[in-house]
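The residues making up each chain are set out below.
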Amino acid sequence: MILEIGTKWLNEFSPSSKALQTIVPKVLYNLESVNDATVLAKWKDSLYERFGEFDCWFEKILQNHLIFKDFPINYRFGTYEDYFFGIFSGYFFAKFVAICYMADKTEKSDLADVFSLLYRLIGHTNFEFNAYVLLKQAGLNSLDKIKTLML
Amino acid sequence: MTTCLECCCSNSCEKVIELLLNSPEPLTFSEQEITFEKIRPTAYHLPPESKDWLSVLKELSYRILLNRSLSLNSRLSMFGVFFKEITVQKAQKQIGLLNRIFNDLNFAIAFP
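Computed from a prediction, not measured in an experiment: that's the story for all the values here.

Q: Mind showing me how you'd approach the overall build of chain A here?
A: Across its full length, chain A carries nine helices and zero strands. Of the regular secondary structure in chain A, the N- to C-terminal order runs α-α-α-α-α-α-α-α-α. For chain A, the C-alpha radius of gyration of 15 Å lies close to 15 Å, the compact-globule estimate for 151 residues. Along the first, second and third principal axes, the C-alpha set of chain A runs to 40 × 30 × 30 Å. Residue pairs at least 24 apart in sequence account for 75% of intrachain contacts in chain A once pairs closer than 6 positions are excluded.

Q: Would you explain the overall build of chain B in this entry?
A: In terms of regular secondary structure, chain B is built from four helices and zero strands. Order of helices (α) and strands (β) in chain B, N terminus to C terminus: α-α-α-α. Here chain B has a C-alpha radius of gyration of 17 Å; the compact-globule value for 112 residues is 13 Å, and the former is much larger. The principal-axis extents of the C-alpha atoms in chain B amount to approximately 50 × 40 × 20 Å. Across the 112 residues of chain B, 22% fall into the buried class. In chain B, the share of contacts with a sequence separation of at least 24, taken over all contacts with a separation of at least 6, comes to 49%.

Q: Before we go on, may I ask you to explain the nonpolar core in this structure?
A: Burial of nonpolar side chains together is a common tendency in soluble globular proteins. Residues and elements named next belong to chain A. Residues Val 97, Ala 98, Val 114, Phe 115 and Leu 118 are the most contacted members of the largest nonpolar core, which totals 66 residues. Examining the composition of this core, we find that 15 residues originate from one element, helix α6 (residues 80–101), more than from any other. Among all residues touching Leu 118, those that are not within four sequence positions of it are Ala 94 and Val 97.

Q: Is there a simple way to think about helix α5 (residues 54–68) of chain A in this case?
A: An α-helix turns once every 3.6 residues. As a result, residues three or four positions apart point the same way. Here α5(A) is 15 residues long and its end C-alpha atoms lie 21 Å apart, about the 21 Å a rise of 1.5 Å per residue gives. Taken residue by residue, α5(A) has A:Phe54, A:Trp57, A:Phe58, A:Glu59, A:Lys60, A:Ile61, A:Leu62, A:Asn64, A:His65 and A:Phe68 as its buried positions. If you follow the buried residues of α5(A), they end up packed against α4 (37–50), α6 and α7 (108–122) of chain A together with α1 (14–20), α2 (48–65) and α3 (72–88) of chain B.

Q: Quick question: what am I supposed to make of the environment of B:Ser10 here?
A: In this fold, B:Ser10 is placed in the segment before α1. Excluding its chain neighbours within four sequence positions, the residues that come into contact with B:Ser10 are A:Phe68, A:Tyr119, A:Gly123 and B:Val16.

Q: Explanation requested: the confidence of the model for chain B in the structure shown.
A: The predicted coordinates should not be examined in detail at positions where pLDDT is low. Residue and element names in this part refer to chain B. Residues of chain B with pLDDT of at least 70 account for 96%, and the chain-wide mean is 88. Across chain B, the element-wise mean pLDDT spans from 91 in helix α4 (residues 95–110) up to 96 in α1. Both scores are given for the predicted complex: the pTM is 0.92, the ipTM 0.92.

Q: Mind showing me how you'd approach the packing of α6(A) against helix α8 (residues 127–137) of chain A here?
A: Helix-helix packing: each pair is described by the crossing angle between the helix axes and the interaxial distance. All names here are of chain A. Running from N to C, α6 and α8 point in directions that differ by 95°, and their axes come no closer than 8 Å. Between α6 and α8, the interaxial angle falls into the category roughly perpendicular. Between α6 and α8, the contacting residues are Asp 82, Phe 85, Gly 86, Ile 87, Ser 89, Gly 90 and Phe 93 on the first element and Phe 127, Glu 128, Phe 129, Ala 131, Tyr 132 and Leu 135 on the second.

Q: Can you walk me through the packing of α2(B) against α3(B) in this structure?
A: Residue and element names in this part refer to chain B. Packing of α2 against α3 brings their axes to within 8 Å, and their N-to-C directions diverge by 150°. The pairing of α2 with α3 is recorded here as roughly antiparallel in orientation. Residues Ser 61, Ile 64 and Leu 65 of α2 form the contact with α3, whose own contacting residues are Arg 75, Met 78, Phe 79 and Phe 82.

Reading the values: rules and limits
- Residues numbered from 1 in each chain as written.
- Chains lettered and ligands numbered in written order.
- Predicted model: local features only at pLDDT ≥ 70, side-chain atom pairs only at ≥ 80, totals over all residues.
- Helix = DSSP H or I, 4+ residues; strand = E, 2+ residues; numbered from the N terminus.
- Rg over C-alpha atoms; globule rule 2.2 N^0.38 Å.
- Contact = placed C-beta atoms within 7 Å.
- Buried ≥ 20, exposed ≤ 12 C-beta atoms within 10 Å, placed from the backbone.
- Core = buried A, V, L, I, M, F, W, Y, C linked by C-beta atoms within 7 Å.
- Expected span 1.5 Å × (residues − 1).
- pLDDT = per-residue confidence, 0-100.
- Axes fitted to C-alpha atoms, helices over the stretch in contact; angles between N-to-C directions.
- Parallel < 35°, antiparallel > 145°, perpendicular 65-115°, else oblique.

Quick look at the structure:
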């Protein structure tokens, strides 16, 4: 499910995002050889081994994004549960792309590049609402179901 | 001069991400006077009860997000349950109910 949704979103969002277009070929190239999510889990473990503070960094990126978006006043849509699905979508997509992009990279500067490019899409477009719609279309309409996207 | 409560730089700037990746320390706020000559910050016109409720919601949400005793995935899951309960229990504008949902959630995590 993770591979299917992540790849679908890459193809869905990249035509309208120049920032994403600069990293999508590399990410899709890395994904070409991946048939199941266990490889993603290995890439994730490897990323966490290289960058032991990854969760702390990502927490700061998420909080900075929420401050930037004037959470919880601005850009809210639907119910609060729906709004969470939008926030979660940004978390899932950023983590998925970062893990895939960093599969064969070791430099912290590469990680900074991929996050800044991703947040040109996530922070400056209607990404969270659009991704929320894609989640619903994929039948991922409950907290239990989106847990399948937890990398 | 226009004043606002919070502002930050966008994650879309590489330098901002580099700064965030420089240390594991949580984000903090610092007070300073900034003059906006051309770009005016967004102004929100909210009734006091909505403003108070949203402030509490923000504070509790950040307490979930910044709780480093849990993995980031667990924090996101907890965030989701919190927002779901706000929806289910129709907690909008009810600060007492919001606090109760938050406390129940913490209790459920401490004593699973």
